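Chain residues, written in single-letter form:
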Amino acid sequence: MLLLSVNRAKHFLISTMPLTQRSTAVELDTSSAYQRTTLANGIRVITSSMTHTKAVSVVFLVGAGSRYETDDEAGVSHLFEHMLFKGTPSRPRPRDISGVVESVGGTINAFTDRECTGYWCRMALPHYRRGVEVLADIIKSPLFREPDIEQEKHVVLEEIRATHDSPGALAGMLLDSALWPDQALGRDIAGTIESVEAIPREVMIDYHRGQYVGCNIVVCVAGNIEHDEVVDQIDELLSDLPSGKPRGMFPYDDNLVGPSVTGGRRDLEQLHMALAFKGVGMNDSRRTALRIMTVVLGGSMSSRLFEEVREKRGLAYGIGSSMHSLTDCGVVDIHTGVEPPRAVEALSVIVDELAKIRDGITDEELSDARELAKGRLLLGMEESRAVANDLAAQELLRGSVETLDDRIKSLDAVTLEDVRMVASNVVIPDKLAMSAVGPVRDWSEFERALDF
């Protein structure tokens, strides 16, 4: 039931209504197309009114993730996420939790990321309040029974083993460790088999007491709902949750000296390759220009990498690039799978395109990439869960919400010089990490191919 995933959706929308008086409501933001109320204990409640849909999405986002963990605690945030579905005093069995939502056709799940943990449900409009109630219950009152912890550890260990058995996932995990060596950012979000097995119940209880506090929680509801009704319900369910002072996340250490190659030998038909550079944080003014650059490089079937690697040379079935921004840093990555004898050739083509992108892009590429980014942004906001995820993530991690109109304006403002400058700042060999998983014994050819 529980997923290990990352949500990076983007938001917009919609109404502003006056806030009725209540003792616990101290703040309302009406400057953008969403509504925001902060309760007395610090919980931030955000709603987006989507009148065209009968689906309502509810997200509880908590400032807890792998960047908050010491080496000895590696994986506690993810194990913790699993444990919240094992039972509460009023819902002692897992089916008592999932059944509340699934019995009326809804979906309930969770995810753990580096900087946050999310619990969400998607419900039909008449039943969404039941989803809010059950998510508030598991956030507030998990049981943490010892037999449940031991049982769920085995489930998490199987999840970790599955990652190691998936070449693409393993390449991604090795890439993180190469890009962010010897620090929390470079660890697998789920931890290791050894670290998970060693997590005691007391650590989980302390983690709940420290991180699952009012000022570290954002609740977002998107759908055809009324803001005041949502705030009243959250106030009633969680007003006695303490505000607290959570621990902060560990800062990143820019300690990569590249180019760096990390390999994992596997007897496979393909070689799975991943390359990455350190990107920019979510509040960095260069973020939008970097997004344009990433689209031109490998963000579509019309991109430079797709054209050169697949269409002209037939070296791979698929290849693409993407970017992800964290609070204080980011990643630009490239992934592909190739026939092992042609892997070095494919890597040479990729590196050649990386060198070229630093010289800039054309007017036509800028225009096409801008419209592609706008279209994906607009299409992504059609669904209530994407809206709820995005609003909650922006509020928790950025401390503010950038509206859809603001994002469109940012894309329109990007110039050719902006793209060239950010490419020259990001795409540099000294900050290049590569991972590969497949039937290779000698990595020296790959190391030489990374010299650009």
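Residues numbered from 1 in each chain as written. Predicted model: local features only at pLDDT ≥ 70, side-chain atom pairs only at ≥ 80, totals over all residues. Heavy atoms only, no water.

Visitor: With reference to specific residues and values, describe the sheet that holds strand β11 (residues 330–338).
Guide: Reading across from one edge, β8-β12-β9-β11-β10 is the order of the five strands in this open sheet, with mixed pairing throughout. The sheet is open, and its two edges are formed by β8 (260–265) and β10 (316–325), each paired on a single side. Put simply, the sheet's adjacent strands are angled 15° from each other on average, direction ignored. The pairing of strand β9 (residues 271–278) with β11 spans eight bridges and is antiparallel. Bridging across to β11, H272 finds its partner in G337. In this fold helix α9 (residues 287–298) packs onto β10 and β11, with an angle of close to 175° to the strand it touches most, β10. (Pairing = 2+ DSSP bridges. Helix = DSSP H or I, 4+ residues; strand = E, 2+ residues; numbered from the N terminus. Axes fitted to C-alpha atoms, helices over the stretch in contact; angles between N-to-C directions. Contact = heavy atoms within 4.5 Å.)

Visitor: Describe the nonpolar core, naming the residues involved and giving the relevant values.
Guide: If you look at the biggest cluster of nonpolar residues, it comprises 50 residues, and the most contacted ones within it are F60, Y119, L135, M204 and I234. Within the second largest apolar cluster, 49 residues are counted, among which are I292, A373, W443 and A449. (Core = buried A, V, L, I, M, F, W, Y, C linked by side-chain atoms within 4.5 Å. Buried < 20%, exposed > 50% of the residue type's maximum accessible area, 1.4 Å probe, protein only.)

Visitor: Let's hear about the side chain of E353: which residues, and what values?
Guide: On the secondary structure map, E353 appears in helix α11 (residues 343–357). A relative accessible area of 4% places E353 in the buried class. Those residues in contact with E353, other than ones at most four positions away along the chain, are L297, R304, L305 and E308.

Visitor: Could you give an account of the environment of M83, naming the residues involved and the relevant values?
Guide: Relative to the assigned elements, M83 resides in helix α1 (residues 76–83). Beyond its immediate chain neighbours, meaning those up to four positions away, M83 contacts F144, R145, D148, I149, E152 and M204.

Visitor: Can you explain α9? Please cite residues and give values.
Guide: Its twelve residues give α9 an end-to-end C-alpha distance of 16 Å, which sits within 8% of 16 Å, the value for a rise of 1.5 Å per residue. Taken across its twelve residues, α9 has eleven buried, putting it largely inside the fold. For α9, every residue scored as buried is listed here: R287, T288, A289, L290, I292, M293, T294, V295, V296, L297 and G298. (Expected span 1.5 Å × (residues − 1).)

Visitor: Break down the pattern of salt bridges for me, citing the residues and quoting the values.
Guide: The full count for this structure, using the stated rule, is 32 salt bridges. When the shortest N-O distance is used, the salt bridge between R313 and E308 registers 2.7 Å. In this structure, the salt-bridge partner of E417 is R420, at a minimum N-O distance of 2.7 Å. With E417 and R420 both in helix α15 (residues 416–426) and three residues apart, the pair spans about one turn of that helix. According to the relative accessible area criterion, E417 is partly exposed, its value standing at 41%. Beyond isolated ion pairs, a larger network of salt bridges with shared partners links R36, R44 and E395. (Salt bridge = Lys/Arg side-chain N within 4 Å of Asp/Glu carboxyl O.)

Visitor: So, empty space enclosed by the protein: which residues are in play, and what are the values?
Guide: Any space left empty among the atoms is revealed by the rolling of a water-sized probe across them. Applying the stated criterion to the full structure yields one cavity of 30 Å³ or more. Counted as a void, the largest cavity has a volume near 40 Å³. What lines the largest cavity is simply L179, W180, D253, D254, N255, L256, K278 and K431. Classifying every residue of the lining of the largest cavity gives three nonpolar, one polar and four charged. (1 Å grid on protein atoms, 1.4 Å probe; cavity = no way out; pocket = protein on both sides within 12 Å on 5 of 7 lines; lining within 4 Å. Points joined across faces, edges and corners; volume = space filled by probe spheres on them. Nonpolar A, V, L, I, M, F, W, Y, C, P; charged D, E, K, R; others polar.)

Visitor: I'd like a description of the packing of helix α4 (residues 146–165) against helix α5 (residues 167–179), backed by residues and values.
Guide: The interhelical angle for the contact between α4 and α5, taken along N-to-C directions, is 95°, at an axis separation of 5 Å. By the angle between their directions, the pair α4 and α5 is classed as roughly perpendicular. Between α4, through T163, H164 and D165, and α5, the contact on the second element is made entirely by P167, A169, L170 and M173. When its residues are assigned to classes, the contact of α4 with α5 shows four nonpolar, two polar and one charged. (Parallel < 35°, antiparallel > 145°, perpendicular 65-115°, else oblique.)

Visitor: How would you sum up the packing of aromatic side chains? Please name residues and give values.
Guide: For the structure shown, the criterion picks out seven aromatic pairs. The structure contains a cluster of three or more aromatic residues connected by ring pairs, namely F80, F85, Y119, F144, Y207 and Y212. The side chain of R385 reaches across the aromatic face of W120, ending 3.7 Å from its centre. (Phe/Tyr/Trp six-rings, centres within 6.5 Å; stacked < 30°, edge-to-face > 60°. Lys NZ or Arg CZ within 6 Å of the ring centre and 35° of its normal.)

Visitor: I'd like to hear about the pairing of strand β3 (residues 44–49), residue by residue, with values.
Guide: Among the six residues that make up β3, six are buried, leaving the element largely enclosed by the rest of the structure. The two faces of β3 match: R44, I46 and S48 on one face and V45, T47 and S49 on the other face are all buried. One ladder, built from four bridges, connects strand β2 (residues 35–38) with β3; its direction is antiparallel. When the sheet's bridge partners are listed, T38 is paired in β3 with R44. Two successive antiparallel strands, β2 and β3, enclose a turn made up of five residues, where G42 displays a positive phi of approximately 100°.

Visitor: I'd like a description of helix α2 (residues 94–102), backed by residues and values.
Guide: Listing the buried residues of α2 in full gives D96, I97, S98, V100 and V101. Next to the buried residues of α2 lie β5 (107–112), β6 (117–124) and α3 (128–140).

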